[in-house]
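For reference, the chains in residue letters:
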Amino acid sequence: MMATARLARNWRRAIGVPLAVLLLAAPAFLPTYPLSVLTEILIFSLFAMSLNLLLGYAGLPSLGHSAFFGTGGYAVGLLAKYLGIPAPVALLIAVVAGVALALITGPFVLRTHGAYFLILTLSLTQVLFGIVWLWRRVTGGDDGLPGIPTPKLPFLVGRVSDTANFYYLALVVVGIALLTMAWIVRSPFGLALIGIRENERYLAGLGYPTWTLKYAAYTIAGGYGALAGGLFAYFKGFVGPGQISWLLAGEGMVMVILGGAGTFWGPIIGAALVLLLRYEVSAFTQRWVMILGIVFILTVLLLPQGIVRLPDRIRQLRAQLRREAPLARRPASAVSPHREPSVEQVIERS
Amino acid sequence: MTAVPALQLEHVSKIIGGLTILEDISLTVQPGERRAIIGPNGAGKTTLLNVIAGFLPATRGRVIVFGRDVTRLPAHRRVDVGLLKTNQQPAVFQELTTRQNILIALLRGRHRLLGLTGQVNSDRAVQREAERVLEEWGLLDVGDIEVRHLPHGYQRRVELAARFALRPRLLLLDEPAAGLAVDEIPAFIERLAQLPRDMTVVLVEHSMRVVFSFADRITVLHHGAVLADGTPDEIQRNEDVQAAYLAGAMRGRNAGTA
Amino acid sequence: MPVNTASLVIGLSYASLLFLVAVGLSVVFGLMRFINLATGSLYLIGGYIGWSVARSTGNFLLALVAGALAALVVGIAIERGFLQRLHRKELLQVALTLGVAYVVQDVTRWIWGGDPLRLRPPAMLRGSMELFGSVVPIYRVALIVIGAVLAILVWYLLERTKWGAYVRAGVDDLEMVQCLGINVRRIFAIVFSLGAFLSGLGGALGTPVTGVAPGTDIQLQLMALIVVILGGLGSVAGAIAASIVVALTDTIVRTFWPEASFFAVWALAAVVLIVRPQGLFGRPGWA
């Protein structure tokens, strides 16, 4: 029991290196189709993580995050297709576009909280959707922009398949993005975001400029979301209004919730799960949408904190069954061999 | 030469939706003073503290802290002049551990770019300071427990520890004894007495035991206006105050004093 | 002249349908802070069940009742299973109601197929009539009347009965109402169920007009959200006024520039939210 508890806690550390190796070697043992699914998982991991920053850490429930995804996609689409701009530059500009959109919409969107924030972000995204739909000359309207050339890593051309080539590109971009996000989340800024989520007033009372923090989080999330959208446009070779759809935003939200909002690995697991569900289940039944829906419902019922927090949840349920107070998480430095004292015992002693 | 007052309220009023909650409040608190604000429920005490702290804007009047006019400043900027406030419900972050609650306070303003330039775990100085604060407040054993699992008294301690870490010069306490059992009050009064004398404290409280053992001066609020202002003895003898609300409470205090 | 009696009738009849879906969403949110993204699904259920019952029995009234009841059942299931534990947890509410929407969407597609289904209005209400010099479908006029009657009933229920007073007080200050010893849980259950019932009824009523197909739920859901944004959460009068405004805007823009109607209503919603976050009739300080 002790061993499994420790394993559950340290799985993140234990899994890091083997995972990296697996990801790097994937094209060697995965055929084309699964490899492209894996690529899509990478891209949506980034998207889900960017939403998580806003949703899970800062506690701002955005149902409009697809606006950034789509903005990045259209930026890439327009630049790559019409101006022939190379991928690194186009992706950078996509990020800038996302950041710009966030800077512009932020002051409006951040005037609201909770469900109003949800609805306002949804509205703005729908407006953007409408603009994209109507502005056929530039965006292609309903038809979108097809024929976006796939970027290739030059030193790998000829050595690996095109699919693998783009996979590595995505892996590098997403990898770097996630590393920077890990930094952000572990910084005092990240801790402050959690403070905002918990109780913005208290944080302001401690002297933190909460509005500015939210604005920054919104902008950063927008940038990363646009990056994901840009990658996706390259991935599909196509960008259309579907990438600004609120359904995409909703699925992003579910990916975050399913995996575990406010955790680092949660959204990644959530993205993988939702996409795998879609691809695997749709292979043997047409009813994958229903199954996806059932998974959402079951998550809310059984695992509202997300999959990543499963070990905690099991511990919680076990404690409830035994009618004890929830056990404290062991401090990282302690190596005590004996049982962890309950909260009551600790307080009695001090 | 007189020192700059710690707090000055000049004709502060607060009107919400047509209702006058605070009416023309003026008072002055000297540095190092212990001021208690008392009054029956609905007198506007908590509103007054919120206006002083900046969580509610004053409709009229000025709030001046250590000579600085902070009337237009949002709450988070008032911390810069040393103003910190506690809450009736302890102002702590429930899902964070005790240590993290202290860290958040300590990390305030330490790293540039809104804190993006640093990393919480590798800031040794801050981690050491947090450890020191935990020890000083007797919170080491619960350091890594989420605050929501802690009993009320502990949460209050965490709240105060976090605020003290920011070196308040003017500390506003909103009913800090609320939720304490009767036998916990003497210990609480003891702890209040130990507050550093260079810290100015403004206290809103219902417990007359706490108020009369702690305060240098008392301001009585009634229906949002100042009814009386003076030393504890003066307030005790003040007929208006007795008539308005104190009589029953005073008898209670005399009976219950140790 | 594009703005004539005919388009007014079309607009107002659509407003009736919108109102039925939106009022549930609005009051449920205002009272319980519960975001029900499955109200469109309830409309869909009402529509499909209503369609089936009408086809098999030929009785339109029965179809209406069946559709509304089917939606009511689903509504009660959601309420029983989830409402309590999702209080103030917006993310989970979105996940849950989105999940329900997915399930309903897929199951209805499974059972009824992907083609749009339409119903002919009941014999009594078929055909056209003359109104202020224009020729308009009788059923649409009937819808306006039904919508108006229901709107008045709901308004009366919430604004003039003691029970409605409890609901409105709860919208303003839930804790206070709880302190008064009123069974808040029961009120929640009734309000939620009523909302579901109305949405289903709307779906059944709408089959001769909007038809029912995969995607109708999304369409209605979004429109209902706009109505609720504009009208203000928790306000019946707001839902009535906003339904009319949104439906008319949609209809009128559609006559000039069909593709832009979507954009127009959402832009309207966004502007209102930015300028007056609580909506036209909502209370300030909520947003």
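Residues numbered from 1 in each chain as written. Chains lettered and ligands numbered in written order. Predicted model: local features only at pLDDT ≥ 70, side-chain atom pairs only at ≥ 80, totals over all residues.

(A) Seen up close, the overall build of chain B. Within chain B, the regular secondary structure consists of nine helices and ten strands. On the principal axes, the C-alpha backbone points of chain B span a range of 60 × 45 × 45 Å. The buried share among the 258 residues of chain B stands at 41%. For chain B, contacts bridging at least 24 residues in sequence account for 66% of all contacts bridging at least 6. (Helix = DSSP H or I, 4+ residues; strand = E, 2+ residues; numbered from the N terminus. Buried ≥ 20, exposed ≤ 12 C-beta atoms within 10 Å, placed from the backbone. Contact = placed C-beta atoms within 7 Å.)

(B) Inspection of the overall build of chain A at higher detail. Of regular secondary structure, chain A possesses 14 helices and two strands. Expressed as a percentage of its 350 residues, the buried residues of chain A come to 50%. Partitioning the intrachain contacts of chain A with sequence separation of at least 6 by distance along the chain shows that 73% fall at a separation of at least 24.

(C) Expanded view of the confidence of the model for chain A. Residue and element names in this part refer to chain A. For chain A, mean pLDDT is 85; residues scoring 70 or higher make up 88% of the total. The least confident element of chain A is helix H14 (residues 343-349), whose mean pLDDT is 41; the most confident is helix H9 (residues 210-236), at 96. Below a pLDDT of 50 lies the segment residues 327-350, which in the model reaches 27 contacts outside its immediate sequence neighbourhood of four places, other chains included. (pLDDT = per-residue confidence, 0-100.)

(D) Representation of the arrangement of the chains. Contacts between protein chains span two pairs of chains, and they are most numerous for chains A and C. One finds no contact linking chain B with chain C; the least C-alpha distance across the pair is 11 Å.

(E) Layout of the interface of chain C and chain A. Taken residue by residue, the interface counts 33 residues in chain C and 37 residues in chain A. A per-element tally of the side of chain C that touches chain A places helix H4 (residues 90-112) of chain C first, with 15 residues. Partitioned by chemical class, the residues of the side of chain C that touches chain A number 27 nonpolar, two polar and four charged. (Nonpolar A, V, L, I, M, F, W, Y, C, P; charged D, E, K, R; others polar.)

(F) Geometry of the sheet that holds strand E7 (residues 170-174) of chain B. Residues and elements named next belong to chain B. Taken in spatial order, the six strands line up as E6-E7-E8-E3-E9-E10 in an open sheet, and their pairing is mixed. A strand with exactly one partner marks an edge of an open sheet, and here the two such strands are strand E6 (83-85) and strand E10 (225-230). Adjacent strand axes in the sheet meet at a mean angle of 15° when their direction is disregarded. In the sheet, E6 pairs with E7 via three bridges, with the strands oriented parallel. When the bridges of E7 are listed, leucine 84 appears paired with leucine 171. (Pairing = 2+ DSSP bridges. Axes fitted to C-alpha atoms, helices over the stretch in contact; angles between N-to-C directions.)

(G) Expanded view of the domain arrangement of chain B. Residue and element names in this part refer to chain B. Its domain assignment divides chain B into domain 1 (1-82 + 169-258) and domain 2 (91-167). Relative to domain 2, the C-alpha centre of domain 1 lies at a distance of 27 Å. Listed as interface residues are five residues of domain 1 and, on the opposing side, five residues of domain 2. For the side of domain 1 that touches domain 2, the residue count by class is three nonpolar, two polar and no charged. (Domains from an automatic or database assignment.)

(H) Layout of the environment of A:Val289. Locating A:Val289 in the fold gives a position in helix H12 (residues 288-302). Sequence separation of A:Val289 and A:Tyr116 is 173 residues, and the distance between their C-alpha atoms is 28 Å. In this view, A:Val289 contacts C:Tyr102, C:Gln105 and C:Asp106; residues no more than four positions away in its chain are not counted.

(I) Structural view of helix H2 (residues 39-57) of chain C. All names here are of chain C. For H2, with 19 residues, the first-to-last C-alpha span of 27 Å sits near the 27 Å given by 1.5 Å per residue. Most of H2 is tucked away, with 15 of its 19 residues classed as buried. Looking one or two residues past H2, glycine 58 carries a phi angle of roughly 70°, positive in sign. (Expected span 1.5 Å × (residues − 1).)

(J) Up close: the pairing of strand E1 (residues 128-131) of chain C. Residue and element names in this part refer to chain C. Pairing of E1 with strand E2 (residues 134-137) involves four bridges; the strand directions are antiparallel. Following the sheet pairing, methionine 129 is matched in E2 by valine 136. Turn length for the E1-E2 hairpin, with the two strands adjacent in sequence and antiparallel, is two residues, and the turn residue phenylalanine 132 shows positive phi of about 50°.

(K) The nonpolar core, seen in detail. Counting 288 residues, the largest nonpolar core has A:Ile43, A:Met253, C:Leu18, C:Ala95, C:Ile226 and C:Val227 as the members making the most contacts within it. In terms of residue count, the dominant contributor to this core is helix H1 (residues 5-32) of chain C (18 residues). Other than its neighbours up to four places away in sequence, C:Val227 contacts C:Leu18, C:Ala22, C:Ala239, C:Ala242, C:Ser243 and C:Val246. (Core = buried A, V, L, I, M, F, W, Y, C linked by C-beta atoms within 7 Å.)

(L) Spatial organisation of the environment of C:Val245. Within the element layout of this structure, C:Val245 appears in helix H10 (residues 236-256). With 233 residues separating them along the chain, C:Val245 and C:Leu12 place their C-alpha atoms 9.1 Å apart.

(M) Fine view of the sheet that holds strand E1 (residues 7-16) of chain B. Residue and element names in this part refer to chain B. Taken together, the four strands give an open sheet; going across it, the order is E2-E1-E4-E5, and neighbouring strands pair in antiparallel fashion. Each edge of the open sheet is held by one strand with a lone partner, namely strand E2 (19-29) and strand E5 (68-69). With five bridges joining them, E1 and strand E4 (residues 60-65) adopt antiparallel strand pairing. Looking at the pairing, leucine 7 lines up with valine 65 of E4. Strand contacts of helix H1 (residues 45-53): E1, E2 and E4, with the helix running at about 65° to E2, the strand carrying the most contacts.

(N) Representation of the interface of chain A and chain B within the structure. Facing 33 residues of chain A, the contacting portion of chain B comprises 39 residues. Contributions of two or more residues to the side of chain A that touches chain B are made by helix H7 (162-186), helix H8 (188-205), H9 and H14 of chain A. The element contributing the most residues to the side of chain A that touches chain B is H8(A), with twelve residues.

(O) Spotlight on the packing of helix H3 (residues 98-107) of chain B against helix H4 (residues 124-136) of chain B. Residues and elements named next belong to chain B. As a packed pair, H3 and H4 sit with axes 9 Å apart at the nearest point and diverge in direction by 120°. The orientation of H3 with respect to H4, classified from their angle, is oblique. Here H3 and H4 pass one another in a crossing that is right-handed. For the pair formed by H3 and H4, the contact residues are Thr98, Arg99, Ile102, Leu103, Leu106 and Leu107 on the first element and Val126, Glu129, Ala130, Val133 and Leu134 on the second. Taken together, the residues of the contact of H3 with H4 break down into eight nonpolar, one polar and two charged. (Parallel < 35°, antiparallel > 145°, perpendicular 65-115°, else oblique. Left-handed = near helix turned anticlockwise from the far one by under 90°.)

(P) Focus on the confidence of the model for chain B. Averaged over every residue, the pLDDT of chain B is 88; residues scoring 70 or more account for 94%. Listed scores for the predicted complex are pTM 0.86 and ipTM 0.89.

(Q) Summary view of the environment of B:Ile145. All names here are of chain B. Among the structural elements, isoleucine 145 can be located in the loop between H4 and helix H5 (152-165). Taking the C-beta count within 10 Å as the criterion, isoleucine 145 has 22 such neighbours and is therefore assigned buried. In this structure the C-alpha to C-alpha distance between isoleucine 145 and proline 40, which are 105 residues apart in sequence, comes to 37 Å.

(R) Region of the structure containing unusual backbone geometry. All names here are of chain B. Of note in this structure, aspartate 24 is not a glycine but carries a positive phi near 45°. Among the secondary structure elements, aspartate 24 is positioned in strand E2. Positive phi, normally seen in glycine, also occurs at phenylalanine 66, with a value near 45°. Locating phenylalanine 66 in the fold gives a position in the loop between E4 and E5. The partly exposed category is assigned to phenylalanine 66, around which 18 C-beta atoms lie within 10 Å.

(S) Spotlight on the pairing of E4(B). All names here are of chain B. Alignment of E4 against E5, held across two bridges, turns out to be antiparallel. Note that in E5 the partner of isoleucine 64 across the bridge is aspartate 69. The hairpin formed by E4 and E5 contains two residues between the paired strands, and phenylalanine 66 there has a positive phi angle of roughly 45°.

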